[in-house]
Structure formats: structure tokens, C-alpha cells
Amino acid sequence: MKPQLLKISTPSDYSFNIFDQEASYFPTPWHYHPEVEIVFMQKSVGEKYIGSSISDFEPGDLAMIGSYLPHYYKNSPEYYKEDSGLRAKSLVIHFNEDFLGTSFLEAPENLHLKQLLDNCKRGVQFGKHFAEELEDELLGLSEKENMDRLIALLSILNKMSRTKDFKFLTSDPIYLNNHVDSDRIKKVFEYVMQNFKQDIKLHEIAGLASMSESAFSRYFKKRTRKTFSTFLTEIRIEHACKLLQKDKHSVSEVSFESGFNNLSNFNRQFKSVKNTTPLNYRSRFLS
């Protein structure tokens, strides 16, 4: 299933778009767009597909989706039945990363906001309690006009950027702290992306960073907040998800194409990362 590029129309008198989406079910297909998207669920239940993740949604669900990240909200089967009487409703906000100018994010006061926009490229799921705290501000946004509306959005984004009540929906390979670390880990990252289908030994990677294996392991975990083994597994699982979404390969072929030389290990690792089996993931995605 190939995602569609959608064009989002922004009102000429505003710098961002906000609208209440209400229908018998959400009709928008698997899609992506250059705008960042915030979705607050008001009515209905179902599954949301963001990047390689599949998770349930219900009223109160709050997610932030980065630029060009494919996504799709699919209601439960009962919503598609004729004359069901059910309604699906969500508040949706769209804005470009530079909607306040190209230099706005470079201001030192906006460090957390800049990090939020980087984070949402992986898809961000906010916690239930935080979503409840933000609900009135979100729902009141469309009632405001002009500068008041813009200030209200910035207030919402500021709170989103500072909360710790969130999780990522797709895996991310690296977390960089400074330019020195960036250069060093970038070399490791590029090597892994080019060779993750092969058997990568820790001593090879440590050599790239000019470190011993033990020193590199400590360094990598401190800088990325994960072990190198976890990082490599996540890269392979993300690649496997892309292959499973296309329905062109068997699970066994996907396993070997993603760098796993043992099918049972692939199934175990996939379930550990995605909380479902490869077959169920493909079935849910393609249904």
C-alpha cells in the first residue's frame, strides 16, 4: 500500500490550519504531507497507522505527526456499516515547520520547540493525563482569532515540548549531544545503514570510532540511550516493516532481507519491538 501525497490548504488569513473533522468514519487514506500534524481524538475508536507503528486510538488520544511521515486513522469495522449511527470526530491542526519564519526556531528560547519538531518526525504519542490537561486549550483554539489564535497555538506547542508524558511511535537510530559526537556517531550510523543486512561485529563498529569494545559500548549507550545491539535491531525491524507493508515477500524472505539469519529470532525480536508478529502486522496493515 503506497501512501498518497495530500495537499493541505491553509486559510489565506492564518499561518496554520485547524479544523474539526467529523463523519461516519475517517475517510482519509494512508497519506503524507509536508505539514506537521496534531490530532486530538474526540469521538470514535479504531487503529492508527503512523510510520511503521500500529496502535489503538480512542477519545482523548493525542498524537503529533512529523513532516512527510505516512499516517492513517482507521475506524473499527462497525463504523463502516450503513446506518450505524456512529460518528467519528477529531480536531486536526496542520502547520509548516517554518510557519513563523526560517530563523524563528534558531532563537535560544525555542530550543525545546525545535526538539519537539525533530521528535515528531518519529511520531509522538502523548500520555492520557497530559492530553486531558491540554484538552480545553486544544478545543478552544478554533474559537480564537488573529494573534490570540497564534499565541494559543504557541502555548500548546510549548507545553508539548516540555512534557515528559509521551512516547515515540517509530524507532530512531541516534540521539546526538554535540558536534563532536555527531561526527563520530554519524560515521557509525552510515556504516550500519549500509551494512545492516550483514552480520556486524561490535569490534568493527568500535574500530570505526577508534575505541575499545567496552569503551564504545559505554559511549554509545550514554549518547544514544540504547545499546548498540538494540540500535541495530531497531534498524532491521524498521526495514522489515517497510517490506511487510508492500506484501511482495514472504516473512522468511523479509527476515533474511532485514539482516536476520534465523526466522525464529526475527519473529521474537519483531514482537519485542512492535508488540505483534510479522504476519499479524502485515495483515493489520494491508486490511
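Rules used throughout
Residues numbered from 1 in each chain as written. Predicted model: local features only at pLDDT ≥ 70, side-chain atom pairs only at ≥ 80, totals over all residues. Heavy atoms only, no water. Disulfide = S-S within 2.5 Å. Buried < 20%, exposed > 50% of the residue type's maximum accessible area, 1.4 Å probe, protein only. Pairing = 2+ DSSP bridges. Helix = DSSP H or I, 4+ residues; strand = E, 2+ residues; numbered from the N terminus. Axes fitted to C-alpha atoms, helices over the stretch in contact; angles between N-to-C directions. Contact = heavy atoms within 4.5 Å. pLDDT = per-residue confidence, 0-100. Polar contact = N/O pair within 3.5 Å; in protein donor to acceptor, adjacent residues only side chain to side chain. Expected span 1.5 Å × (residues − 1). Bend = angle between axes of the 7 residues up to and from the residue. Core = buried A, V, L, I, M, F, W, Y, C linked by side-chain atoms within 4.5 Å.

**Here's the deal with the state of the cysteines**
So, step 1. Going through the model one piece at a time under the given rule, you end up with 0 disulfides.
So, step 2. Free of any disulfide, C120 has its nearest cysteine sulfur in C241, 20 Å distant.
So, step 3. With a relative accessible area of 0%, C120 lands in the buried category.

**Points about the sheet that holds strand β11 (residues 166-168)**
So, step 1. Read from one edge to the other, the open sheet built from 6 strands follows the order β2-β9-β4-β7-β10-β11, with strand pairing classed as antiparallel. The strands lining the two open edges of the sheet, one partner per strand, are β2 (17-23) and β11. Strand-to-strand twist of the sheet, defined as the mean angle between neighbouring strand axes without regard to direction, takes the value 20°.
So, step 2. Where strand β10 (residues 124-126) lies against β11, 3 bridges are found, and the strand directions are antiparallel. Within β11, the residue paired with F126 across the bridge is F166.
So, step 3. Across the sheet, helix α2 (residues 128-140) lies against β4 (36-43), β7 (62-65), β9 (88-95) and β10, angled at about 95° from β4, the strand it touches most.

**Looking at the confidence of the model for the protein**
Caution applies to low-pLDDT parts of the model: their predicted coordinates are not meant to be read in detail.
So, step 1. Summary statistics for the protein give a mean pLDDT of 90 and a share of 96% for residues scoring 70 or more.
So, step 2. Below a pLDDT of 50 lies the segment residues 173-179, which in the model reaches 14 contacts outside its immediate sequence neighbourhood of four places, other chains included.

**Things to note about the environment of S44**
So, step 1. Along the chain, S44 turns up in the loop between β4 and β5 (46-50).
So, step 2. On the accessibility criterion, S44 (5% relative accessible area) is buried.
So, step 3. Considering only alpha carbons, one finds S44 and N119, 75 residues apart in sequence, at a separation of 27 Å.
So, step 4. In this structure, S44 is in contact with F26, F57, E58, P59, N75, Y79, R87, A88 and K89, ignoring residues within four places of it in sequence.
So, step 5. Within the local environment of S44, its side chain forms a polar contact with the side chain of N75, the two groups lying 3.0 Å apart.

**Observations concerning unusual backbone geometry**
So, step 1. Even without being glycine, S44 reaches a positive phi, approximately 95°.
So, step 2. Positive phi values are uncommon outside glycine, yet Y68 reaches one of about 65°.
So, step 3. Mapped onto the elements, Y68 comes out in the loop between β7 and β8 (71-75).

**A closer look at α2**
So, step 1. For α2, which comprises 13 residues, the first-to-last C-alpha distance of 19 Å matches the rise-based estimate of 18 Å (1.5 Å per residue) to within 8%.
So, step 2. At L134, α2 shows its strongest bend, of approximately 50°.
So, step 3. Of all the positions in α2, only F130, A131, L134, L138 and G140 are classed as buried.
So, step 4. Residues of α2 that are buried make contact with β4, β7, β9, β10 and α3 (146-162).

**Notes on the side chain of S76**
So, step 1. Checked against the element boundaries, S76 lands in the loop between β8 and β9.
So, step 2. Exposure remark for S76: the relative accessible area of 17% places this residue in the buried category.
So, step 3. Look past the residues within four positions of S76 in its chain and what remains in contact with it is V45 and G46.

**Quick word on the nonpolar core**
So, step 1. Within the largest apolar cluster, 29 residues are counted, with the highest numbers of intra-cluster contacts made by F16, L62, M64, I93, F95, L157 and M160.
So, step 2. Of all the elements in the fold, those that place two or more residues in this core are β4, β7, β9, α1 (111-119), β10, α2 and α3.
So, step 3. Here this core gets 6 residues from one element, more than from any other, and that element is α3.
So, step 4. Beyond its immediate chain neighbours, meaning those up to four positions away, I93 contacts F16, N17, I18, V36, E37, I38, L138, L141 and L153.
So, step 5. Ranked by size, the runner-up nonpolar core spans 16 residues in total, among them W30, Y72, A240 and V251.

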